[in-house]
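Next come the chains, spelled out residue by residue.
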Amino acid sequence: MIENATLRDDILPKGARVGACQDWSSWAKETIGDGWAAAGDAAMFVDPILSTGVTLALQTGHRAAYTWLTQRARPDLPAASLWRAYSDYLRGEYGAFLTLARYFYGNNKAAPSWWWTAQQLVNASGRLRLEDRQAFTMATAGFFPVPRALGAGAEVVVPLIQGITGAADGLEAIYRDTGVPAPEDLSHETYSLVAPFRLDLRTEPGLERGLSGRLEVYHDLVTETPQMSHRLAATPARIDPALAPVVAAMRECSDVAGLLARARALLPARDPAALRGAVLGIVRIAAMKGFIRLEGPRESVSLPLEAGACA
Ligand SMILES: Cc1cc2nc3c(=O)[nH]c(=O)nc-3n(C[C@H](O)[C@H](O)[C@H](O)COP(=O)(O)OP(=O)(O)OC[C@H]3O[C@@H](n4cnc5c(N)ncnc54)[C@H](O)[C@@H]3O)c2cc1C
């Protein structure tokens, strides 16, 4: 058909003879509203460089349907929080793919550096036993590292992902806790915030808990930073919602001793020993998720430990 055609250089700017279009990712300002929720391309579209569109359309459509069924089955739960968990999930799922797509177009396209970027997304805390290439496979397969199965459940997805990543251990055990001290060793630590986070509802398919057709709902630390929210799935943690004021206070504190003192002031009716254990547990979870960075014990403590700057 183009045997007699000539290539023109008077159409594109600066005499260019070949045009290309790249990174046409887009996202809706709002993905949920009164009586509606967006899924698939209507919510967010990531440049198809990673061929993620159909997976994400199916996953988010599935999650929207299950969120609706959960809302109907659990009128005790605040519907707005349930749908906010849905939009957190959307942002997390798309955010990492968007990061990878942007990296591809903006940087050195050598495959190993792309894999390394996936390692930062899937494994920012460095606690998964993963090669960069395995991290890339996991990221592009939509596995981070809790299987996000559609209906069929973990018995289908786990062997599949295990096969493609070459992970020797059970995938549920791939997350290692080492690197974050045990709760009782955290009381002298200082920390800095890496990403803003809050205590809010989180949802996951709960088939293994017999929740066919709806989601398991619990309170966990969640963030709106896309690259970090992606890693929410790494460590589902169930946190008592009454501890929300302590989580909010973490933003104002930079040392665990001060936070413990603040927690006692915020929740005076609580048993002190139990509260201390719960607060140290939250600090550990925040560190494991990568929302805070532990900076080590304060070198010279001029204030009594129990009266840190935030108390
Ligand atoms: C060039 C290109 C290459 C791609 N390559 C891949 C790939 O390799 N792998 C991959 O997984 N994904 C790929 N994608 C992305 C993928 O096609 C989409 O992400 C996916 O189809 C989104 O599904 P969806 O159901 O959200 O939206 P859609 O598939 O767009 O479905 C929306 C439907 O709604 C209909 N509609 C719109 N308005 C109305 C209305 N008012 N009333 C009734 N119906 C309406 C539309 O006609 C359409 O049928 C690619 C996309 C493009 C453009």
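Provided above is the structure to which this section pertains.
Worth saying up front: this structure is predicted, and the values here are computed from it rather than measured.

A. Quick peek at the environment of P181. Considering the arrangement of structural elements, one finds P181 in the loop between helix 5 (154-165) and strand 5 (189-193). Between the alpha carbons of P181 and L294 there is a distance of 9.4 Å; along the sequence they are 113 residues apart. Residues contacting P181, with those up to four places away along its chain left out, are L186, E189, R284 and L294.

B. A look at the site of the ligand. Around the ligand, the surrounding shell consists of W24, G40, D41, F45, P48, S51, T52, G53, V54 and A57. Taking D41, its side chain carries an N or O atom lying 2.7 Å from an oxygen atom of the ligand. In the environment of the ligand, an oxygen atom lies 3.4 Å from a nitrogen or oxygen atom belonging to the backbone of G53. Calculation on the ligand without its partners gives an accessible area of 1000 Å², and the protein chains cover 32% of this total. It is helix 1 (residues 53-73) that provides the largest number of residues to the shell around the ligand, a total of three residues. Broken down by class, the residue content of the shell around the ligand amounts to five nonpolar, four polar and one charged.

C. Fine view of helix 2 (residues 79-106). Taking 1.5 Å of rise per residue, 28 residues should cover 40 Å, and helix 2 covers 39 Å from first to last C-alpha, within 8% of that figure. Among the 28 residues that make up helix 2, 20 are buried, leaving the element largely enclosed by the rest of the structure.

D. Quick peek at empty space enclosed by the protein. Overall, the coordinates contain five cavities of 30 Å³ or more when judged by the stated rule. Roughly 60 Å³ of internal volume is contained in the second largest cavity. As for the second largest cavity, its lining consists of L193, P196, F197, V247, A248, M250 and R251. Of the residues assigned to the lining of the second largest cavity, the class counts are six nonpolar, no polar and one charged.

E. Structural detail: the nonpolar core. In this structure, F197, L221, M250, L259 and I292 are the most contacted members of the largest nonpolar core, which totals 30 residues. Secondary-structure elements contributing two or more residues to this core are strand 6 (197-205), helix 7 (244-249), helix 8 (256-266) and helix 9 (272-289). If one sorts the elements of this core by residue count, helix 9 sits on top with nine residues. Core analysis: the second largest hydrophobic core is formed by 26 residues, A38, Y86, A96 and M138 among them.

F. Here's a closer look at the pattern of salt bridges. Tallied over the full model, the rule gives 13 salt bridges. For D88, the salt bridge is made with R91, and the minimal N-O distance between the two is 3.1 Å. You can see D88 and its partner R91 sitting in helix 2, three residues apart, about one turn around the helix. R91 gets classed as partly exposed once you look at its relative accessible area, which sits at 21%.

Conventions adopted
- Residues numbered from 1 in each chain as written.
- Predicted model: local features only at pLDDT ≥ 70, side-chain atom pairs only at ≥ 80, totals over all residues.
- Heavy atoms only, no water.
- Helix = DSSP H or I, 4+ residues; strand = E, 2+ residues; numbered from the N terminus.
- Contact = heavy atoms within 4.5 Å.
- Near = heavy atom within 4 Å.
- Polar contact = N/O pair within 3.5 Å; in protein donor to acceptor, adjacent residues only side chain to side chain.
- Areas by Shrake-Rupley, 256 points an atom, 1.4 Å probe, with all protein chains shown as cover.
- Nonpolar A, V, L, I, M, F, W, Y, C, P; charged D, E, K, R; others polar.
- Expected span 1.5 Å × (residues − 1).
- Buried < 20%, exposed > 50% of the residue type's maximum accessible area, 1.4 Å probe, protein only.
- 1 Å grid on protein atoms, 1.4 Å probe; cavity = no way out; pocket = protein on both sides within 12 Å on 5 of 7 lines; lining within 4 Å.
- Points joined across faces, edges and corners; volume = space filled by probe spheres on them.
- Core = buried A, V, L, I, M, F, W, Y, C linked by side-chain atoms within 4.5 Å.
- Salt bridge = Lys/Arg side-chain N within 4 Å of Asp/Glu carboxyl O.

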